[in-house]
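Descriptive structure summary
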Amino acid sequence: MKGLTKDLAAKLDEHDPLQSFKTEFYLPKNTYYMDGNSLGLLSKRAEQALLTSLQDWKQLGINGWTDGKEPWFYMSEKLGAMTAPLLGAKSEEVINTGSITTNIHQLLATFYQPSGKKTKILADELNFPSDIYALKSQLELHGYDPEEHLVQVESLDGRTLSEDTIINAMTEEVALILLPSVLYRSGQLLDMPAITKAAHERGIMVGFDLAHSIGALPHQLHDWGIDFAVWCTYKYLNSGPGGVGGLFVHEKHLGRKPGLAGWFSSNKNKQFDMDHSLTQAESAGAFQIGTPHILSSAPLIGSLEMFQEAGIERIREKSLQQTRYLIHFVKEELSEFGFTIANPEDDNRRGGHVSLIHEEAASICKALKAQQIIPDFRAPNVIRLAPIALYTSYSDLYQVMMILKEIVQSGEYKQFKNERDTIA
Ligand SMILES: *Cc1c(COP(=O)(O)O)cnc(C)c1O
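Residues numbered from 1 in each chain as written. Predicted model: local features only at pLDDT ≥ 70, side-chain atom pairs only at ≥ 80, totals over all residues. Heavy atoms only, no water.

In the annotation of an unreviewed UniProt entry, the chain is listed under the name Kynureninase and assigned to Halobacillus naozhouensis. Quoted verbatim from the Sequence similarities (unreviewed entry) field of UniProt, the annotation for the chain is "Belongs to the kynureninase family." The record in UniProt for the chain states the following under Cofactor (unreviewed entry): "pyridoxal 5'-phosphate". (UniProt positions renumbered as here; feature names shortened; annotations may be inferred.)

Below, the structure is given as structure tokens:
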């Protein structure tokens, strides 16, 4: 099939129900941005939302907490309610606070309660390092040796995990499981409901890191009965560098004492009583600690409005069609150039990015950058390409793939060293 033409891409764009959102983003000039899964782009609405909070500060000073156009005191809760539909969660189950790593610490401090035989934590060997560091330090705080008490499920192919292997590792010694929803390298989407069901049948708490699924695909966290979840908002949710993170605690656990308490864990009506005994919020808000980082929360308000309008189902539909397009292109046009598709090809098993393995991935990424394409390199040999439903067009994808083809066909990438830079 030689059907992947410029015309086809233009036609797909014409029929794209989300195409109008692209004009709302600041797209780096003359650049094809394929790294929205690491840092999403700025939208005009996110910018405006940040300016609103700055304006409130400028005009109201401390009164911005309660009287601002977007009162700071309630912003984390408002963001939680706006995020809930992306998660299939109730508003009170979601709060925006902290970062992935600090939220893992908070929720482990709350939910990891080893007792009797059940002392181990189950994770996987492919997860992002920060998650693993946090799990190890939580084990150490309880006086356990991570070598023995952190069980990391092995990958058979070095890229993906099998749910059966995960379930087999759920021994009676396991107290808690933390896994990614979508693996950050290969883009594999795990079967969260099946894992949760198996864990609960064995009396194990289960949490997920949604860094690579939130904003890319729908979830049903409440109905699946997942105990807790964490995510960041600077990837698919486009909140900006260092944007506030988020956490979910299932309704059945609301009211549980936060492992790490602070005055923002308070019931909001009591917080300013300044009492030394905490009356905690009855919502997920109880898992906040200190004063929210307003200026890195505000942009998310504008960004989430766009998700509300676009609808996560439509975003997922386009995202799948776009990753499918890239996979087809690699197979049809690039098969002779040494690429392996590392992500699962089944729609139900794939997150929002395409993961290509190539011996000379680092050189190829540098050659792409020299041609104004921003890919994402993960050492030693992975090129991640993320089409973003709200701002990537099919014509963009066509151009990116044609340039990639040119780079490998001409051998142009060979002039670049096959090593990573400091930030990959
Ligand atoms: C991006 C990412 C992180 C980053 O954690 P922060 O605390 O937000 O810096 C952690 N885990 C995973 C799986 C990620 O993809």
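Section: the UniProt feature "binding site: pyridoxal 5'-phosphate" (unreviewed entry) in the chain
UniProt's entry tags Ile100, Thr101, Phe128, Pro129, Ser130, Asp131, Asp209, His212, Tyr234, Trp263 and Thr291 with the feature "binding site: pyridoxal 5'-phosphate" (unreviewed entry), counted in the numbering of this structure. A maximum C-alpha distance of 30.6 Å shows the annotated residues, which cover 192 residues in sequence, to be distributed over more than one spot. As for its position among the elements, Ile100 is in helix 5 (residues 100-111). Not counting the four nearest positions on each side in its chain, Ile100 is found in contact with Asp131, Asp209, Ala211, Val230, Trp231 and Cys232. (Helix = DSSP H or I, 4+ residues; strand = E, 2+ residues; numbered from the N terminus. Contact = heavy atoms within 4.5 Å.)

Concerning the nonpolar core
The biggest cluster of nonpolar side chains holds 63 residues, and the ones touching the most others in it are Met170, Ile177 and Leu210. Those elements that place two or more of their residues in this core are helix 4 (75-87), strand 5 (174-180), helix 9 (192-201), strand 6 (205-209), strand 7 (228-231), helix 11 (298-310) and helix 12 (312-333). In terms of domain composition, this core takes at least three residues from each of domain 1 (6-42 + 311-413) and domain 2 (48-308). With near-sequence residues (within four places) excluded, Leu210 lies in contact with Leu87, Ser181, Met192, His219, Leu221, Ala229, Val230 and Trp231. Formed by 34 residues, the second largest nonpolar core is a distinct cluster that contains Tyr325, Cys365, Leu368 and Phe377. (Core = buried A, V, L, I, M, F, W, Y, C linked by side-chain atoms within 4.5 Å. Buried < 20%, exposed > 50% of the residue type's maximum accessible area, 1.4 Å probe, protein only. Domains from an automatic or database assignment.)

A few points about the sheet that holds strand 2 (residues 94-96)
By definition, the strands of a sheet pair up through backbone hydrogen bonds, in either a parallel or an antiparallel sense. Ordered in space as 2-8-7-6-5-3-4, the seven strands form an open sheet in which the pairing is mixed. Here the strands that pair on one side only, and so sit at the sheet edges, are strand 2 and strand 4 (150-153). Between one strand axis and the next, the sheet turns by 20 degrees as a mean value, whatever way the strands run. Where strand 3 (residues 120-124) lies against strand 4, four bridges are found, and the strand directions are parallel. (Pairing = 2+ DSSP bridges. Axes fitted to C-alpha atoms, helices over the stretch in contact; angles between N-to-C directions.)

Let's talk about the side chain of His149
Structurally, His149 is set in helix 7 (residues 146-149). Of the polar contacts made by the side chain of His149, one reaches the side chain of Thr119; its length is 3.3 Å. Look past the residues within four positions of His149 in its chain and what remains in contact with it is Thr119, Lys120, Ile121, Leu139 and Tyr144. (Polar contact = N/O pair within 3.5 Å; in protein donor to acceptor, adjacent residues only side chain to side chain.)

With respect to the pattern of salt bridges
Enumeration according to the criterion identifies 20 salt bridges in this entry. Glu345 is the salt-bridge partner of Lys331, the closest N and O atoms lying 2.5 Å from each other. With a gap of 14 residues between them, Lys331 in helix 12 and Glu345 in the loop between strand 9 (340-341) and strand 10 (354-357) connect regions that are remote in the sequence. Since its relative accessible area comes to 39%, Glu345 is described here as partly exposed. In this structure, Asp347 engages Arg350 in a salt bridge whose closest nitrogen and oxygen atoms are separated by 3.0 Å. What emerges from the salt-bridge pattern is a single network uniting Glu24, Arg45, Glu305 and Glu309. (Salt bridge = Lys/Arg side-chain N within 4 Å of Asp/Glu carboxyl O.)

Considerations on the environment of Ala386
Note that Ala386 resides in the loop between strand 13 (382-385) and helix 14 (394-410). For Ala386, a relative accessible area of 0% gives the class buried.

A few points about the UniProt feature "modified residue: N6-(pyridoxal phosphate)lysine" (unreviewed entry) in the chain
According to UniProt, the feature "modified residue: N6-(pyridoxal phosphate)lysine" (unreviewed entry) maps to Lys235 in the numbering used here. In this fold, Lys235 is placed in the loop between strand 7 and strand 8 (246-249). Other than its neighbours up to four places away in sequence, Lys235 contacts Gly36, Asn37, Ser38, Leu39, Gly40, Ala211 and His212.

Regarding the domain arrangement of the chain
According to the domain assignment, the chain consists of domain 1 (6-42 + 311-413) and domain 2 (48-308). At the interface, 37 residues of domain 1 touch 29 residues of domain 2. For the pairing of domain 1 and domain 2, the buried interface totals around 2500 Å² over both sides, and the portion due to carbon and sulfur atoms is 57%. Of all residues in domain 1, Ile312, Arg349 and His353 bury the most surface against domain 2, accounting for 22% of the area lost on that side. Joining domain 1 to domain 2, the criterion identifies one salt bridge. For the salt bridge of Glu163 with Arg349, the shortest nitrogen-to-oxygen distance reads 2.9 Å. Counting across the domain 1 and domain 2 interface gives 12 residue pairs in polar contact (both at pLDDT 80 or more). For the side of domain 1 that touches domain 2, the secondary-structure elements that each account for two or more residues are helix 12, strand 9, strand 10 and strand 13. Examining the composition of the side of domain 1 that touches domain 2, we find that five residues originate from one element, helix 12, more than from any other. A per-class count over the side of domain 1 that touches domain 2 returns 17 nonpolar, 13 polar and seven charged. (Buried area = accessible area lost by both parts, 1.4 Å probe. Nonpolar A, V, L, I, M, F, W, Y, C, P; charged D, E, K, R; others polar.)

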